[in-house]
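In case you want the letters, here they are:
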Amino acid sequence: MSAIETIHVDGEWRAAASGAEREVLDPADATTLATVAESDASDVDAAVAAARRAFDSGPWPRTPVAERAALLRRVADLLQRDREEIALTESRDTGKTLEEGRVDVDDVTAAFRYFADLVMNESGGRVVDAGSPDVHSVVVHEPVGVCSLITPWNYPLLQASWKVAPALAAGNTFVLKPSEVTPLSTVHLVRLLVEAGLPAGVANLVTGAGDPVGARMSEHPDVDLVSFTGGLASGTKVSQAAAPTVKKVALELGGKNPNVVFADACATEEGFDTAVDQALNAAFIHSGQVCSAGARLIVEESVRERFVAELARRAERIKLGRGTEPGVECGPLVSRQQWEKTRAYVESALAEGASLRCGGGQPEPTAHRPATGFFFAPTVLDQCHREMRVVREETFGPILTVETFRTEDEAVALANDTEYGLAGAVWSSDAGRARRVAGRLRHGTVWINDYHPYLPQAEWGGFGKSGVGRELGPTGLAEYREAKHIYQNLDPRPVRWFAG
């Protein structure tokens, strides 16, 4: 397969119909990693047509559940076979550390195995009591049809698996578009689907920009569902494009996530150390380029100064460098555009009165941190308040803002004072208080005395402008299905409603 043949349609790898190409950059030094095909609307049309044929007349939607599950398990095994290769690709493409790339491959493997097990353990439908022995009534679930799957640049392989695995388990066909910034691991995933024996036309891949590729995938009349993960502005456009054809839409649009720390969580040295350590993990894993990042530290006023001083001290010691280098703890931001956006947020925060405790810009270059790379030092901004842009908007970079509270009610009010509602955490040694606060937080995932773990068997998604629908868990499978009620009269007779 040629380096630019990254479009997969109806079982064949091809270049873009227009011949257009795009360079994919290594964010650690801005050199070219690969050259991929740059799709346009005509490539999308060809991919959707292939998926439509495969769904309407191909074998996959009618393949027995056991065979679909077996294919998902084969994909999981192939992912583990290629674990090191994929992890290296993901690290070089996104900038994350190699160890994070390995964790991603393992999480993707777990997602495929979970959905294989889920469909295998289902019953044949839900029997409905119609109140008559002469009626057999059952609700069954069928695949929704052709799915447009659009994934983000921060976790390209992981987010693809959250869509591809349930879509296939349910019997759908799809067109998949990774971010144009980080497409390489998704190309590898589609190669594994083919190797596992997926019929031609079921999985189709287009590489290219959101406009026109994602736009056409969202509006296409032969698409039955659009699942999108990304920013709020792009998600709004996806929803608007899908509306005229009234197709199903699932959106995961990020968050501005609170990490609430009560003083009692810091009453012991072990508790203090754990809360500070987890606040670092919440904010700076993958250089903060995480939709669920704990970018808003909301800490009780009585421990604020000690907590923030120690947090800033440790943040300054985070080892920045190329993600493939041993000992590196944080890699670069994904692109120059993301670097500039992060710097602009810091500048606006300082202009609005925030206090810079550490970071704030590009660190000094080293042998492992080239000056041409998109590195940004982990940044802690103290004395923040809700009116600041950096507190309101999703920064998607290594920026942690600090707000304080005195009472439980004030902590809850601050944590919920956001238009997003994806995730949040509460830290307290008082189990009753922790559960009480968790119950009041309007966020799709709430951690108590922890941050960031997720389970493939538990739903993921948010309230408010964090999106519509859920991924993972049984609900994540249900997104890719339609419910059908089949009512069978076992003893049909004339109704005699009309006399004539």
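Residues numbered from 1 in each chain as written. Predicted model: local features only at pLDDT ≥ 70, side-chain atom pairs only at ≥ 80, totals over all residues. Heavy atoms only, no water.

As annotated in an unreviewed UniProt entry, the protein chain is Aldehyde dehydrogenase family protein from Streptomyces buecherae. Here the protein chain is described in UniProt, under the heading Sequence similarities (unreviewed entry), as follows: "Belongs to the aldehyde dehydrogenase family." (UniProt positions renumbered as here; feature names shortened; annotations may be inferred.)

A. Structural context of the overall build of the protein chain. Check the secondary structure of the protein chain and you find 15 helices and 20 strands. At 24 Å, the protein chain has a C-alpha radius of gyration in line with the 23 Å of a compact globule built from 500 residues. In terms of principal-axis extent, the alpha carbons of the protein chain reach across some 85 × 55 × 40 Å. Of all 500 residues assigned to the protein chain, the portion counted as buried reaches 55%. As presented, the protein chain carries roughly 20100 Å² of accessible surface, and 51% of it is formed by carbon and sulfur atoms. Averaged over its 51 positive side-chain charges, the protein chain has a centre that lies 3 Å from the centre of its 69 negative ones. (Helix = DSSP H or I, 4+ residues; strand = E, 2+ residues; numbered from the N terminus. Rg over C-alpha atoms; globule rule 2.2 N^0.38 Å. Buried < 20%, exposed > 50% of the residue type's maximum accessible area, 1.4 Å probe, protein only. Areas by Shrake-Rupley, 256 points an atom, 1.4 Å probe, with all protein chains shown as cover. Lys, Arg positive; Asp, Glu negative; His and termini not counted. Charge placed at Lys NZ, Arg CZ, Asp CG, Glu CD.)

B. How the structure looks around the sheet that holds strand 5 (residues 126-128). On the basis of which strands lie adjacent, the open sheet formed by 3 strands has the order 5-6-20 and antiparallel pairing. Sheet topology places strand 5 and strand 20 (481-489) at the edges, where each strand pairs with a single neighbour. Each neighbouring strand pair of the sheet contributes to a mean axis angle of 25°, computed without reference to strand direction. Judged from the 3 bridges that link them, strand 5 and strand 6 (residues 135-143) form a sheet pairing that is antiparallel. If you follow Val127 over to strand 6, its bridge partner there is Val138. (Pairing = 2+ DSSP bridges. Axes fitted to C-alpha atoms, helices over the stretch in contact; angles between N-to-C directions.)

C. Layout of the domain arrangement of the protein chain. When cut into domains, the protein chain gives domain 1 (7-253 + 466-486) and domain 2 (258-448). Centre-to-centre separation of domain 1 and domain 2, based on C-alpha positions: 31 Å. Taken residue by residue, the interface counts 25 residues in domain 1 and 28 residues in domain 2. Counting the surface domain 1 buries against domain 2, the share from its top three residues, Ala28, Trp153 and Ser466, is 27%. (Domains from an automatic or database assignment. Contact = heavy atoms within 4.5 Å. Buried area = accessible area lost by both parts, 1.4 Å probe.)

D. Region of the structure containing a nonpolar patch on the surface. A contiguous nonpolar patch, built from Val495, Trp497 and Phe498 and spanning about 490 Å² of accessible area, is present on the exposed surface. On the accessibility criterion, Val495 (68% relative accessible area) is exposed. (Patch = residues over 30% accessible without salt bridge, like charges linked within 9 Å, V, L, I, M, F, W, Y side chains within 5 Å. Salt bridge = Lys/Arg side-chain N within 4 Å of Asp/Glu carboxyl O.)

E. Fine view of the pairing of strand 7 (residues 146-150). Counting buried residues along strand 7, 5 of its 5 residues qualify, which places the element largely inside the surrounding structure. Both faces of strand 7 are covered, namely the face carrying Val146, Ser148 and Ile150 and the face carrying Cys147 and Leu149. Across 5 bridges, strand 7 lies against strand 8 (residues 173-177) in parallel orientation. Bridge assignment links Val146 to a residue of strand 8, and that residue is Thr173. Taken together, strand 7, helix 5 (residues 156-170) and strand 8 constitute a β-α-β crossover, and its handedness is right-handed. Note that strand 7 and strand 10 (residues 225-229) share 4 bridges and pair parallel. Across the sheet, Leu149 pairs through a bridge with Ser227, a residue of strand 10. (Right-handed = clockwise from strand over helix to strand, strands pointing away.)

F. Geometry of the side chain of Gln278. Residue position: Gln278 is located in helix 9 (residues 269-284). Excluding residues within four positions of it along the chain, Gln278 makes contact with Trp427, Asp450 and Tyr451.

G. Representation of the UniProt feature "domain: Aldehyde dehydrogenase" (unreviewed entry) in the protein chain in the model. In this structure's numbering, the residues bearing the UniProt feature "domain: Aldehyde dehydrogenase" (unreviewed entry) are residues 13-486. Measuring from the first to the last C-alpha atom of residues 13-486 gives 41 Å, for a span that is 40% helix and 19% strand.

H. Highlighting the UniProt feature "active site" (unreviewed entry) in the protein chain. Here, UniProt's "active site" (unreviewed entry) annotation points to Glu252. Along the chain, the position of Glu252 falls in strand 11 (residues 248-252). For Glu252, the contacting residues outside a window of four places in its chain are Phe228, Thr229, Gly230, Cys291, Leu422, Trp460, Ser466 and Glu471.

I. View of helix 13 (residues 408-416). For helix 13, every residue scored as buried is listed here: Glu408, Ala411, Val412, Leu414 and Ala415. Each buried residue of helix 13 sits inside an arc of 165° when the element is viewed along its axis, so together they form one side. Turning to helix 13, the residues buried within the fold contact strand 12 (258-261), strand 13 (296-300), strand 16 (399-405) and helix 14 (431-440). (Arc of directions from axis to C-beta.)

J. Region of the structure containing the nonpolar core. Judged by nonpolar contacts, the single largest core of 91 residues is most densely connected at Leu79, Phe112, Phe115, Leu168, Phe174, Leu193 and Phe307. Two domains each donate at least three residues to this core, and these are domain 1 (7-253 + 466-486) and domain 2 (258-448). Contact partners of Leu79, with chain neighbours within four places excluded, come to Ile86, Val105, Val108, Thr109, Phe112, Leu189 and Leu192. Membership of the second largest hydrophobic core comes to 22 residues, among which are Val44, Ala50, Val226 and Val238. (Core = buried A, V, L, I, M, F, W, Y, C linked by side-chain atoms within 4.5 Å.)

K. Structural context of helix 10 (residues 304-316). In this model helix 10 runs 18 Å from its N-terminal to its C-terminal C-alpha over 13 residues, within 8% of the 18 Å that 1.5 Å per residue would give. All of the buried residues in helix 10 are Arg304, Phe307, Val308, Glu310, Leu311, Ala312, Arg314 and Ala315. (Expected span 1.5 Å × (residues − 1).)

L. Local environment of the sheet that holds strand 15 (residues 379-382). On the basis of which strands lie adjacent, the open sheet formed by 7 strands has the order 14-15-16-13-12-17-18 and mixed pairing. Each edge of the open sheet is held by one strand with a lone partner, namely strand 14 (355-358) and strand 18 (445-448). The average undirected angle you get between the axes of adjacent strands in this sheet is 20°. Sheet analysis places strand 15 next to strand 16, joined by 3 bridges and oriented parallel. Note that in strand 16 the partner of Val380 across the bridge is Leu400. On the sheet, helix 14 packs against strand 17 (423-427) and strand 18 and is oriented at approximately 170° with respect to strand 18.

M. Molecular detail of the environment of Gly421. In this structure, Gly421 sits in the loop between helix 13 and strand 17. Gly421 gets classed as buried once you look at its relative accessible area, which sits at 0%. Placed 43 residues apart in sequence, Gly421 and Gly464 show a C-alpha to C-alpha distance of 5.7 Å. Non-local contacts of Gly421, meaning those with residues more than four positions away in its chain, are made with Arg442, His443, Gly444, Gly462, Phe463 and Ser466.

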